[in-house]
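For reference, the chains in residue letters:
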Amino acid sequence: MGRKLDPTKKEKRGPGRKARKQRGAEVELARFLPPGKSRPGPHRPGLVPPPVACVMLLLCKTSLLFFVLRGGLSEDDSEEEEEEEEEEEEASRQKKGQKEEDSTDLQLNLDIDEQFKLPCACFLAVCDSLMAVLPAEPPDLHVIHQRIKGNMEVLQDFGVKREEGRTRQEYLAVLRQDMAAYYSYSDFLLTKLMDIFPLPELINFLEANEVPRPVTIRTNTLKTRRRDLAQALINRGVNLDPLGKWSKTGLVIYDSSVPIGATPEYLAGHYMLQGASSLLPVMALAPQENERILDMCCAPGGKTSYIAQLMKNTGMILANDSNAERLRSVVGNLHRLGVTNAVVSNCDGRQFPKVLGGFDRVLLDAPCSGTGVISKDPAVKTNKDEKDILRCAHLQKELLLSAIDSVNAASETGGYIVYCTCSIMVEENEWVVDYALKKRNVRLVATGLDFGKEGFTRFKDRRFHPSLKTARRFYPHTHNMDGFFIAKFKKFSNAIPQPQKGNLAASPAEVVQILLTAPFSLLSDEEPAVEAAAPSTVPGTVMEPPPKKKKLEGSKVVKEQKPPQPALKKKHSLQAQKRPLKAGRPSPKVMHSQVPARKKHKVKTNGQ
């Protein structure tokens, strides 16, 4: 509308349609006015228009309005106006498209020509100070994402693309800050994740945590078969598939027209809503029929019911949990699924060997920080710190030792312990397993799972037992399931090894001989007597021979005064260890220092 502009030259081409209509209206109005009168202007105070002129003016305006709305616009004029509007819209679209092309070309040129430049430290410090003073504003996520991509490219080819004078730690600090802002993680947790994953894999892990895991169910073979259950759910409008070749009971649900947790099949106990990663510990445990099995942390009962269906409701399962409120869901699920061989208990797992022991197998799904299920609980991103991780690790060590002590190593079919967590922290997994290997007579065995990544045998400056390669790690970005850790132990002795207090520099042969000849010495403070009984294996040196015991004349007082004597022997033997003697020549100083002691006792005896 209005004056039309030339889209190429941007010059006015004469009066527009509105101006022409306004000019025609003024001509028509002039016909109704008396001669000598011009277009009526604003009303001036003190001048009263004649009644006839007012009536004529009102009629003129009414007729003009009717002419414009009804008769003044012909079909040709309306078509011309529509054509003009279409031309203007087309011209504006062309301008917009041209601007977008220019902007894309400019963006491509920037991406090709310019490389990522690390902001200086002073700039970051100023930004932090401004963020602390100014009101918080939402960050520009697009800019942060582009900076993360550029930083990743530089770090992958650091020797070529880095800026001179900048270290890798500076790039990593900026990258950690950007990822914490983009994915809403705490700096502590992101630092831990950067220690576990390589940088490209870390981005995949963080992206996978933003997407929920697929809904999976486990068929209850105590009541139905997977084929029949799948057909029944498909008839109700559920889109599903088998979970994978590794599972014979799992189904993955893509979408459903009915609530998957309220179908008649669910209420009848034909399936259990259970994550895919929760099936793996029971498969690693491999329970057999007629065994006695302990599920130390059983809530909400998914693993317990899976154990029962693998055992075909034979044997006995002790389902224990320290939280009485969570046991309500356990009881409800066991009744719904038709489990009849389970006993529910509410005990502290750390005191369990005193309550009941002698199990064939034990499953310990230990409480953890939950860093493997961030997609289910996003609060883990910010509410976990170092104290939480160490607190969980300490509790897990206590529970694992209790679980090992609850197993009977002499079991004909069992003697196995499965330890699992829904965490990916090394402090809660490999660290705890390595601690148990040192404290109990157990060894790691294969889990029987065909997939999953191996456990860490080294992490930063720590070294773990080489058998930790048999443990398995599962990640959301790799296996499309919750993060999980699984390790399987085999107990080969019910004895609890005691810490050794002897000579730390002794060879393995000496340690074995000491254990075979004098096992009671591990609990005794008389270390030199054991060392004297065991011959030295170091070439060229011999230990000092023990002094000959002489029969002392006297009374019972001498016998009562004999116990302090080993303390003197301990002192002299330590001196002898510091100064090795030549073969066949006892030390005169030591022999001289022992004689007055005997004379002293003899004098006391005679005196009494």
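Residues numbered from 1 in each chain as written. Predicted model: local features only at pLDDT ≥ 70, side-chain atom pairs only at ≥ 80, totals over all residues. Heavy atoms only, no water.

1. Digging into the packing of aromatic side chains
For any pair of aromatic rings, the description consists of the separation of the ring centres together with the inter-plane angle of the planes.
And step 1. In total, this model carries eight aromatic pairs according to the counting rule given.
And step 2. In textbook terms, an aromatic cluster arises when at least three aromatic residues are bridged by ring pairs, as seen for Phe 197, Phe 205 and Tyr 475.
And step 3. Here Arg 292 stacks its cationic end above the ring of Phe 359, 5.0 Å away from the centre of that ring.
And step 4. Between Lys 488 and the ring centre of Tyr 416, over which it is positioned, the NZ or CZ distance is 4.7 Å. (Phe/Tyr/Trp six-rings, centres within 6.5 Å; stacked < 30°, edge-to-face > 60°. Lys NZ or Arg CZ within 6 Å of the ring centre and 35° of its normal.)

2. Structural notes on the sheet that holds strand E2 (residues 238-242)
And step 1. Taken together, the four strands give an open sheet; going across it, the order is E2-E3-E1-E4, and neighbouring strands pair in antiparallel fashion. The open sheet terminates on both sides in strands that have one partner only, identified here as E2 and strand E4 (271-273). Shown here is a sheet whose adjacent strand axes are inclined to one another by a mean of 35°, direction ignored.
And step 2. Pairing of E2 with strand E3 (residues 250-256) involves five bridges; the strand directions are antiparallel. In the sheet register, Val 238 faces E3, and the bridge partner there is Ser 256.
And step 3. Relative to E2, helix H10 (residues 226-235) is tilted by about 155°, and along the sheet it contacts strand E1 (215-219), E2, E3 and E4. (Pairing = 2+ DSSP bridges. Helix = DSSP H or I, 4+ residues; strand = E, 2+ residues; numbered from the N terminus. Axes fitted to C-alpha atoms, helices over the stretch in contact; angles between N-to-C directions. Contact = heavy atoms within 4.5 Å.)

3. Re the side chain of Asp 321
And step 1. Positionally, Asp 321 belongs in the loop between strand E6 (316-320) and helix H14 (327-337).
And step 2. An unpaired buried charge is present at Asp 321: no salt bridge exists, and Arg 326, the closest side chain of opposite charge, is 4.9 Å distant.
And step 3. Of note is the side chain of Asp 321, whose polar atom sits 3.5 Å from the backbone nitrogen of Cys 298.
And step 4. A distance of 3.0 Å separates the side chain of Asp 321 from the backbone nitrogen of Asn 323, its partner in a polar contact.
And step 5. Sequence-distant contacts of Asp 321, defined by excluding residues within four places in its chain, comprise Met 296, Cys 297, Cys 298, Ala 299, Arg 326, Leu 327, Ser 345, Asn 346 and Cys 347. (Buried < 20%, exposed > 50% of the residue type's maximum accessible area, 1.4 Å probe, protein only. Lys, Arg positive; Asp, Glu negative; His and termini not counted. Salt bridge = Lys/Arg side-chain N within 4 Å of Asp/Glu carboxyl O. Polar contact = N/O pair within 3.5 Å; in protein donor to acceptor, adjacent residues only side chain to side chain.)

4. Things to note about the packing of helix H5 (residues 141-156) against helix H7 (residues 168-183)
And step 1. Running from N to C, H5 and H7 point in directions that differ by 150°, and their axes come no closer than 10 Å. The handedness of the crossing between H5 and H7 is left-handed. For the pair H5 and H7, contact is made by Leu 141, Ile 144, His 145, Arg 147, Ile 148, Asn 151, Met 152, Val 154 and Leu 155 and by Arg 168, Tyr 171, Leu 172, Val 174, Leu 175, Asp 178, Met 179, Ala 181 and Tyr 182, respectively.
And step 2. Residue classes in the contact of H5 with H7 are distributed as 13 nonpolar, two polar and three charged. (Left-handed = near helix turned anticlockwise from the far one by under 90°. Nonpolar A, V, L, I, M, F, W, Y, C, P; charged D, E, K, R; others polar.)

5. Here's the deal with the confidence of the model for the chain
And step 1. Put simply, the chain has an average pLDDT of 75, and 61% of its residues get 70 or more.
And step 2. Ranking the elements of the chain by mean pLDDT puts helix H20 (residues 527-533) last with 33 and strand E9 (residues 416-421) first with 97.
And step 3. In the predicted structure, residues 64-75 sits below a pLDDT of 50 and forms seven contacts with residues beyond four places in sequence or in another chain.
And step 4. Confidence drops under pLDDT 50 across residues 104-113; counting only partners more than four residues distant or on other chains, this segment forms one contact. (pLDDT = per-residue confidence, 0-100.)

6. As for the pattern of salt bridges
And step 1. According to the stated counting rule, one finds 21 salt bridges in the structure shown.
And step 2. A salt bridge links Glu 430 to Arg 473, with the nearest nitrogen and oxygen atoms 2.9 Å apart. Of this pair, Glu 430 sits in helix H17 (residues 430-439) while Arg 473 sits in strand E14 (residues 472-474), and the two are 43 residues apart along the sequence.
And step 3. The class for Glu 430 is buried, based on a relative accessible area of 0%.
And step 4. For Arg 473, a relative accessible area of 1% corresponds to the buried category.
And step 5. Because the salt bridges share partners, they merge into one network encompassing Lys 192, Glu 386 and Glu 427.

7. Regarding the pairing of strand E15 (residues 484-491)
And step 1. Burial within E15 is extensive, with eight of its eight residues counted as buried.
And step 2. Burial along E15 is two-sided: Phe 484, Ile 486, Lys 488 and Lys 490 facing one way and Phe 485, Ala 487, Phe 489 and Lys 491 facing the other are all buried.
And step 3. Relative to E15, E14 runs antiparallel, the two being bridged by three bridges. Along E15, the bridge assignment pairs Arg 473 with Phe 485.

8. Overview of the packing of H7 against helix H8 (residues 187-196)
And step 1. Relative to each other, H7 and H8 sit at 120°, their axes nearing to 10 Å. With respect to H8, the axis of H7 lies oblique. Judged by the twist between their axes, the crossing of H7 over H8 is right-handed. Contact with H7, carried on its side by Leu 172, Arg 176, Met 179 and Ala 180, involves Asp 187, Leu 190, Thr 191 and Met 194 of H8 and no other residues of that element.
And step 2. Class assignment of the residues belonging to the contact of H7 with H8 gives a composition of five nonpolar, one polar and two charged. (Parallel < 35°, antiparallel > 145°, perpendicular 65-115°, else oblique.)

9. Observations regarding the pairing of strand E8 (residues 361-365)
Residues in a regular strand point their side chains to alternate faces of the sheet.
And step 1. Burial within E8 is extensive, with five of its five residues counted as buried.
And step 2. Two elements, E8 and E9, share five bridges in a ladder whose sense is parallel. Bridge assignment links Leu 364 to a residue of E9, and that residue is Tyr 419.
And step 3. At this point the chain moves from E8, through helix H16 (residues 386-405), to the parallel E9, and the crossover so formed is right-handed. (Right-handed = clockwise from strand over helix to strand, strands pointing away.)

10. Side note on H5
And step 1. Over its 16 residues, H5 extends 22 Å from the first C-alpha to the last, a length consistent with the 22 Å expected when each residue adds 1.5 Å.
And step 2. Every buried residue belonging to H5 is among Ile 144, Ile 148, Gly 150, Asn 151, Met 152, Val 154 and Leu 155, and all of these are buried.
And step 3. Looking at the buried side of H5, the elements it contacts are helix H6 (158-161), H7 and helix H9 (199-208). (Expected span 1.5 Å × (residues − 1).)

11. Section: H17
And step 1. Buried residues of H17: Glu 430, Val 432, Val 433, Asp 434, Ala 436 and Leu 437, and no others.
And step 2. In the core, the buried residues of H17 are packed alongside H16, E9, strand E10 (442-445), E14 and E15.

12. Examining the environment of Lys 469
And step 1. Its place among the elements puts Lys 469 in the loop between strand E13 (462-463) and E14.
And step 2. For Lys 469, a relative accessible area of 46% puts it in the partly exposed group.
And step 3. As for Lys 469 and Ala 446, which are separated by 23 residues in sequence, their C-alpha atoms are 9.0 Å apart.
And step 4. Once residues within four sequence positions are removed from consideration, Lys 469 is found in contact with Glu 454, Gly 455 and Thr 457.

13. Some thoughts on the nonpolar core
And step 1. With 61 residues, the main nonpolar core has Met 179, Leu 193 and Phe 489 as its most contacted residues.
And step 2. Sorting elements by how many residues they give to this core places H7 first, with six residues.
And step 3. When near neighbours in sequence (up to four residues on either side) are disregarded, Phe 489 contacts Leu 400, Gly 415, Tyr 416, Ile 417, Tyr 419, Val 433, Ala 436, Leu 437, Val 442, Arg 443, Leu 444 and Val 445.
And step 4. One finds Tyr 306, Val 330, Leu 334 and Ile 486 within the second-largest nonpolar core, a separate group that totals 32 residues. (Core = buried A, V, L, I, M, F, W, Y, C linked by side-chain atoms within 4.5 Å.)

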